[in-house]
Amino acid sequence: STAYPIFSVTDVRKHTTKEDGIWVTYKDGVYNITDFVDGHPGGDVIMMAAGNAIDPFWNLYAVHKQPQILKILETYRIGTLSDADAEGDSSETLDPYAGDPKRNPSFIINSEKPYNGEPPLPMLVENFITPTDVFYVRNHLPVPQIDVEDYTLEIGGIGLRETSLTLDDLKTKFPKVSVTAAIQCAGNRRADMTKVKPVKGLNWNGGAIGNAVWSGAPLIDVLKFCGLTDLSKIRHIQFEGLDMDVTNVSYGASIPVEKLFNPHCDVILAYEMNGEPLPLDHGFPLRVIVPGVVGARNVKWLGRIILSEEESSSHWQQNDYKGFSPSIDWDTVDFKSAAAIQELPVISAICVPTNESNVKLKDGKLVVQGYAWSGGGCKILRVDITADKGKMWYTADIVNQEDAAAGRCWSWVLWKAEIPIDKNLKQTEIWAKAVDSNYNVQPESFENIWNLRGVLANAYHKIKINIVQ
Ligand code: MTE
Ligand code: MO
């Protein structure tokens, strides 16, 4: 690298626009990435590093640390950072993920840093209440290290007295209620949608859903404690997490205020999951649980609640987690034109057997097991299974279902079917579809619901199996 001209940090800082050239540093290398920025797969965020070191960003989005990407970067090299400036860089030792907890070693890892992992499908349907260490983890950022002694929840916004509550306040000043609710990521089953055409997103297989018992304080009680009387001007409830990116922007989302008007919506500030304090990965010490609403709005590591006329201004509310027509691509997409996903559509998945597996019949029958769920508290009425592409549909037995009215069914159902299979078949497809209490049913294929972010992937679940004697 001695062949390169030497630059100082001050030189690099001057190059932050296309006109002056966009320069960045990585370790002791100086790079002119002007021609690369428009093609950056991650979009505009790359401009946050303009004139600066990309090391902290790459530590945060560790997917970059791969030989292919380093190779691409090397093609933009123009210089070497002066010794004095390079020495000051301690980024090598600063792994923002060093404090992340241990995870279930049997998880399928979709991304290591930030951690995103899901259980294999057969493990998922072993229990109606998903054990905490089998519950998928979807983190956008490093897990924040929060000391309960210092922790407060800040609450404010329209019509409220600015209030700070400790965890102890939340446990002692309000009733403790429990809600059993499934939480599902907007990208669950994205891996199937990707087979139609690639999308941008983590390749969730079908395990980005879990059903747990959440306990904590009713949100409405907490807001009344902070002086809430008049809801007429409030339209959205915003939540901010304590997990932050390198520019100190925290994860955030919001829900419409109607979720609060209706006490049957069961929105709680949860400090327990399955009877234990919330684990680090699931939001310790506090998260909001909004039953029936997409995972992304169930903000973990909750630091602040704001009542507002506006939705959360966060990236995840405004420019992500929205659905589009299959004909919209990254060149034509206008995120302002679409509504933020809230309640999710009806979905199901076959978890046993797994796709492409070898199965033995039992008295000429195949045992099929899975889950079904619908957003907004809709009840699952029926799950239909076919082994011959819809000539004959069998109704699965619902093995577990909560005893709740349609509109307040927050849990998933687990189902099981034993379907006759022609013994001469060596291979077949099994399809599943669920029907909810609005008589909404899953779409048949992914072709016509494909969208560039790969969200709302709720088409029939279709698997292929090999029948062995
Ligand atoms: N809250 C914060 N603060 N940070 C996050 O990255 N991820 C969201 C949501 N809440 C997230 C968050 C998304 S997209 C999902 S799907 C759920 O948390 C995942 O919850 P889990 O990890 O407990 O399964
Ligand atoms: Mo998610």
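Only a predicted model underlies this, so the values are computations on that prediction, with no experimental measurement involved.

### Some points on the side chain of N188
Examined against the element boundaries, N188 turns out to sit in the loop between strand 12 (177–184) and helix 7 (190–194). The exposure class assigned to N188 is buried, which follows from its relative accessible area of 2%. If we skip the residues at most four places from it in the chain, N188 touches W204, G206, G207, A208, I209, I347, Y371 and A457.

### Regarding the environment of P420
Along the chain, P420 falls in strand 26 (residues 413–420). Using a relative accessible area of 39% as the deciding quantity, one classes P420 as partly exposed. A C-alpha to C-alpha distance of 30 Å links P420 and N211, two positions 209 residues apart in sequence. Non-local contacts of P420, meaning those with residues more than four positions away in its chain, are made with G364, K365 and Y394.

### Examining the layout of surface pockets
Each pocket or cavity is described by its volume, and for the second largest pocket that value is around 480 Å³. For the second largest pocket, the lining is made up of 21 residues, of which D192, K195, F446, K462 and I463 are closest to its centre.

### A closer look at the site of ligand 1
Taken together, 20 residues lie around ligand 1, and Y136, H140, D243, H282 and K300 are the ones closest in. A distance of 2.7 Å separates an oxygen atom of ligand 1 from a polar side-chain atom of H140. The pocket occupied by ligand 1, as judged from atoms lying within 2 Å of grid points, is the largest cavity. Within the residue set of the shell around ligand 1, elements represented by two or more residues are strand 9 (137–138) and strand 14 (236–244).

### Considering the pattern of salt bridges
Applying the stated criterion across every chain yields a total of 16 salt bridges. Across the pair R103 and D281 runs a salt bridge whose closest N-O atoms are separated by 2.7 Å. Residue R103 is found in the loop between helix 4 (83–87) and strand 7 (108–111), and its partner D281 is found in the loop between strand 17 (276–277) and strand 18 (287–289); the two are separated by 178 residues along the sequence. For D281, a relative accessible area of 6% corresponds to the buried category. In this structure, E162 engages R304 in a salt bridge whose closest nitrogen and oxygen atoms are separated by 3.8 Å. Remark: R304 occurs in strand 19 (residues 302–308) and E162 occurs in the loop between strand 10 (153–157) and strand 11 (163–165); sequence separation between them is 142 residues. Judged by relative accessible area, E162 falls into the exposed class, the value being 54%.

### Focus: the packing of aromatic side chains
Evaluated as defined, the whole model comprises 13 aromatic pairs. Pairing Y251 with W316 gives two aromatic rings, centres 4.7 Å apart and planes at 40 degrees, and the pair type is tilted. Linking Y251 in strand 15 (residues 250–256) with W316 in helix 10 (residues 315–318), this pair joins segments that are 65 residues apart in sequence. Through successive ring pairs, a cluster of aromatic residues spans F135, Y136, W204 and W214. If you follow K462 out to its NZ or CZ, it ends over the ring of W431, 4.0 Å from the centre.

### Observations concerning the nonpolar core
Most often, soluble globular proteins have nonpolar side chains that are buried together. In terms of nonpolar packing, the biggest core is built from 58 residues, with L269 and I305 touching the most fellow members. For I305, the residues in contact, after removing those within four places along its chain, are L153, E154, I155, G156, L219, L223, I237, Q238, F239 and L269. Counting residues in each nonpolar core, the second largest holds 22 residues, with V413, I419, A432 and A434 among its members.

### Thoughts on the sheet that holds strand 8 (residues 116–118)
In spatial order, the strands read 7-8-9; together these three strands make up an open sheet with antiparallel pairing. Looking at strand neighbours, the two that pair on one side only are strand 7 and strand 9, the edges of this open sheet.

### Concerning the side chain of R77
By the secondary structure assignment, R77 is in strand 6 (residues 77–81). Residue classification places R77 among the buried positions, given a relative accessible area of 13%. In terms of polar contacts, R77 uses its side chain to reach the backbone carbonyl oxygen of G79, at 2.9 Å.

### Considerations on unusual backbone geometry
The peptide bond linking K113 to P114 adopts the cis configuration, its omega dihedral lying at 0 degrees. Following the sequence through the fold, P114 ends up in the loop between strand 7 and strand 8. A cis geometry characterises the amide bond from V352 onward to P353, with omega recorded as -5 degrees. Checked against the element boundaries, P353 lands in the loop between strand 20 (347–352) and strand 21 (357–360). Residues other than glycine seldom take positive phi values, yet R189 does so here, at roughly 65 degrees. Within the fold, R189 resides in the loop between strand 12 and helix 7.

### Some thoughts on the environment of C226
In this fold, C226 is placed in the loop between helix 8 (219–225) and strand 14. If we skip the residues at most four places from it in the chain, C226 touches I155, L160, R161 and T163.

### Digging into the sheet that holds strand 11
With mixed pairing, the five strands of this open sheet are ordered in space as 11-10-19-14-15. The sheet terminates laterally at strand 11 and strand 15, the two strands that pair on one side only. For this sheet, the mean angle separating the axes of adjacent strands, direction not counted, is 20 degrees. Here six bridges tie strand 14 to strand 15, and the two strands are oriented antiparallel to one another. Within strand 15, the residue paired with F239 across the bridge is A253.

Definitions and cut-offs
Residues numbered from 1 in each chain as written. Chains lettered and ligands numbered in written order. Predicted model: local features only at pLDDT ≥ 70, side-chain atom pairs only at ≥ 80, totals over all residues. Heavy atoms only, no water. Helix = DSSP H or I, 4+ residues; strand = E, 2+ residues; numbered from the N terminus. Buried < 20%, exposed > 50% of the residue type's maximum accessible area, 1.4 Å probe, protein only. Contact = heavy atoms within 4.5 Å. 1 Å grid on protein atoms, 1.4 Å probe; cavity = no way out; pocket = protein on both sides within 12 Å on 5 of 7 lines; lining within 4 Å. Points joined across faces, edges and corners; volume = space filled by probe spheres on them. Near = heavy atom within 4 Å. Polar contact = N/O pair within 3.5 Å; in protein donor to acceptor, adjacent residues only side chain to side chain. Sits in = over half its atoms within 2 Å of the grid points. Salt bridge = Lys/Arg side-chain N within 4 Å of Asp/Glu carboxyl O. Phe/Tyr/Trp six-rings, centres within 6.5 Å; stacked < 30°, edge-to-face > 60°. Lys NZ or Arg CZ within 6 Å of the ring centre and 35° of its normal. Core = buried A, V, L, I, M, F, W, Y, C linked by side-chain atoms within 4.5 Å. Pairing = 2+ DSSP bridges. Axes fitted to C-alpha atoms, helices over the stretch in contact; angles between N-to-C directions.

Nothing here speaks to function; it is all geometry.
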